[in-house]
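This is what each chain is made of:
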Amino acid sequence: MKKNREVTILRSTRFELNRMIPSLTLEGIWLKEYGFRPGDRVEVRDCSSGILLVRKIGSAIDEQ
């Protein structure tokens with residue numbers, strides 16, 4: 001299983017056009033391999049400048 005992933009921070013399109021709002025989307029089969037399922041609740045924690053921790057805090061209601 002690959003340990004590191006590289007993604008690009010994008011500009012969100014949900015906000016005013018004159019503001020630069022960063023957006024990050026994670027998707028892929030590798031999330032399932034790490035134990036994440038659709039519907040799971042996650043916590044995103046700021047560990048330090050430039051480091052985020054994503055941790056599952058609740059399981060999906062319907063385990064399929």
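Here, every reference points to the structure presented above.
The rules we used
Residues numbered from 1 in each chain as written. Predicted model: local features only at pLDDT ≥ 70, side-chain atom pairs only at ≥ 80, totals over all residues. Heavy atoms only, no water. 1 Å grid on protein atoms, 1.4 Å probe; cavity = no way out; pocket = protein on both sides within 12 Å on 5 of 7 lines; lining within 4 Å. Points joined across faces, edges and corners; volume = space filled by probe spheres on them. Helix = DSSP H or I, 4+ residues; strand = E, 2+ residues; numbered from the N terminus. Nonpolar A, V, L, I, M, F, W, Y, C, P; charged D, E, K, R; others polar. Phe/Tyr/Trp six-rings, centres within 6.5 Å; stacked < 30°, edge-to-face > 60°. Buried < 20%, exposed > 50% of the residue type's maximum accessible area, 1.4 Å probe, protein only. Pairing = 2+ DSSP bridges. Patch = residues over 30% accessible without salt bridge, like charges linked within 9 Å, V, L, I, M, F, W, Y side chains within 5 Å. Areas by Shrake-Rupley, 256 points an atom, 1.4 Å probe, with all protein chains shown as cover. Salt bridge = Lys/Arg side-chain N within 4 Å of Asp/Glu carboxyl O.

S.K.: Explain the layout of surface pockets to me, please; I cannot follow it from the model alone.
M.R.: Any space left empty among the atoms is revealed by the rolling of a water-sized probe across them. Approximately 540 Å³ is the volume found for the largest pocket. Every residue lining the largest pocket is counted, 18 residues in all, and those nearest its centre are Leu26, Trp30, Leu31, Phe36 and Val54. If you list the elements that add at least two residues to the lining of the largest pocket, you get α1 (29-33), β3 (41-48) and β4 (51-58). Looking at the lining of the largest pocket residue by residue, the class counts come to eleven nonpolar, two polar and five charged.

S.K.: How do you make sense of the packing of aromatic side chains when you look at a structure like this?
M.R.: Describing an aromatic ring pair means giving the distance of the ring centres and the angle of the ring planes. Following the criterion strictly, the structure yields one aromatic pair and no others. For the ring pair tryptophan 30 and tyrosine 34, a centre distance of 5.7 Å and an interplane angle of 80 degrees mean the geometry is edge-to-face. Among the residues examined, tyrosine 34 registers a relative accessible area of 33% and is labelled partly exposed.

S.K.: I would appreciate a short explanation of the pairing of β4 in the present structure.
M.R.: Sheet faces and side chains relate simply in a regular strand, where the side chains alternate between the two faces. Bridge count between β3 and β4: seven bridges; the pairing is antiparallel. The partner of valine 44 across the bridge, within β4, is valine 54. Remark: two residues form the turn of the hairpin made by β3 and β4, two consecutive strands paired antiparallel; glycine 50 in that turn has positive phi of roughly 85 degrees.

S.K.: Just to check I follow, could you spell out a nonpolar patch on the surface for this structure?
M.R.: Taken together, the side chains of Val7, Ile9, Leu24, Leu26, Val42, Val44, Leu52 and Val54 make up a nonpolar region of the molecular surface, amounting to roughly 670 Å² of accessible area. For the nonpolar patch, the elements supplying multiple residues, two or more each, are β3 and β4. One can find valine 44 in strand β3. Looking at valine 44, the relative accessible area reads 52%, which means it is exposed.

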